[in-house]
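Observations on chain architecture
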Amino acid sequence: MMNRIYFILIALFAMFYIVIEIRKKRFSIKESFWWMSASGLMLLLAIFPYSINWIAKLFGVEYPPSLLFVFCIIFLNKNLKIIVDKQAEMLYILIRTKS
């Protein structure tokens, strides 16, 4: 029971931190969407810890914790793509202003 409360608090803290970063304009809308989705998933898994078993059965995954790794890989892939796109846009703007 204490683990659930601990993980719920971590998920709520993550959501709170993301909102603060959005207000400081350190996150773009695309980035904040993925981070809020990840922290929302964290909160749901903290409240309903056995839901990962149901989701794993739904996807046909034999070992449910491995599904979390797949979700993390997908999340990181999306997040890195957003960062690379933003840096490419900034580089393009820099090249245009210097030429």
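Computed from a predicted structure; not experimentally measured.

The rules behind the values
Residues numbered from 1 in each chain as written. Predicted model: local features only at pLDDT ≥ 70, side-chain atom pairs only at ≥ 80, totals over all residues. Heavy atoms only, no water. Core = buried A, V, L, I, M, F, W, Y, C linked by side-chain atoms within 4.5 Å. Buried < 20%, exposed > 50% of the residue type's maximum accessible area, 1.4 Å probe, protein only. Helix = DSSP H or I, 4+ residues; strand = E, 2+ residues; numbered from the N terminus. pLDDT = per-residue confidence, 0-100. Axes fitted to C-alpha atoms, helices over the stretch in contact; angles between N-to-C directions. Parallel < 35°, antiparallel > 145°, perpendicular 65-115°, else oblique. Left-handed = near helix turned anticlockwise from the far one by under 90°. Contact = heavy atoms within 4.5 Å. Nonpolar A, V, L, I, M, F, W, Y, C, P; charged D, E, K, R; others polar.

Here we take up the nonpolar core. Core analysis: the largest hydrophobic core is formed by five residues, namely L45, I52, I55, A56 and L67. In terms of residue count, helix α3 (residues 51-59) provides more of this core than any other element does, three residues in total.

Once that is clear, we can look at the confidence of the model for the chain. When pLDDT is averaged along the chain, the result is 88; 100% of the residues meet or exceed 70. Taken element by element, the predicted model of the chain shows its lowest mean pLDDT in helix α2 (residues 29-47) (86) and its highest in α3 (90).

Moving on to the packing of α2 against helix α4 (residues 64-98). Two elements in contact, α2 and α4, have axes separated by 9 Å at closest approach and are oriented at 165 degrees. Of the possible angle classes, the one that applies to α2 and α4 is roughly antiparallel. Crossing handedness for the pair α2 and α4: left-handed. Contact residues: K30, E31, W34, W35, A38, L41 and L45 in α2; L68, F71, F75, K78, N79, I82, I83 and K86 in α4. Broken down by class, the residue content of the contact of α2 with α4 amounts to 10 nonpolar, one polar and four charged.

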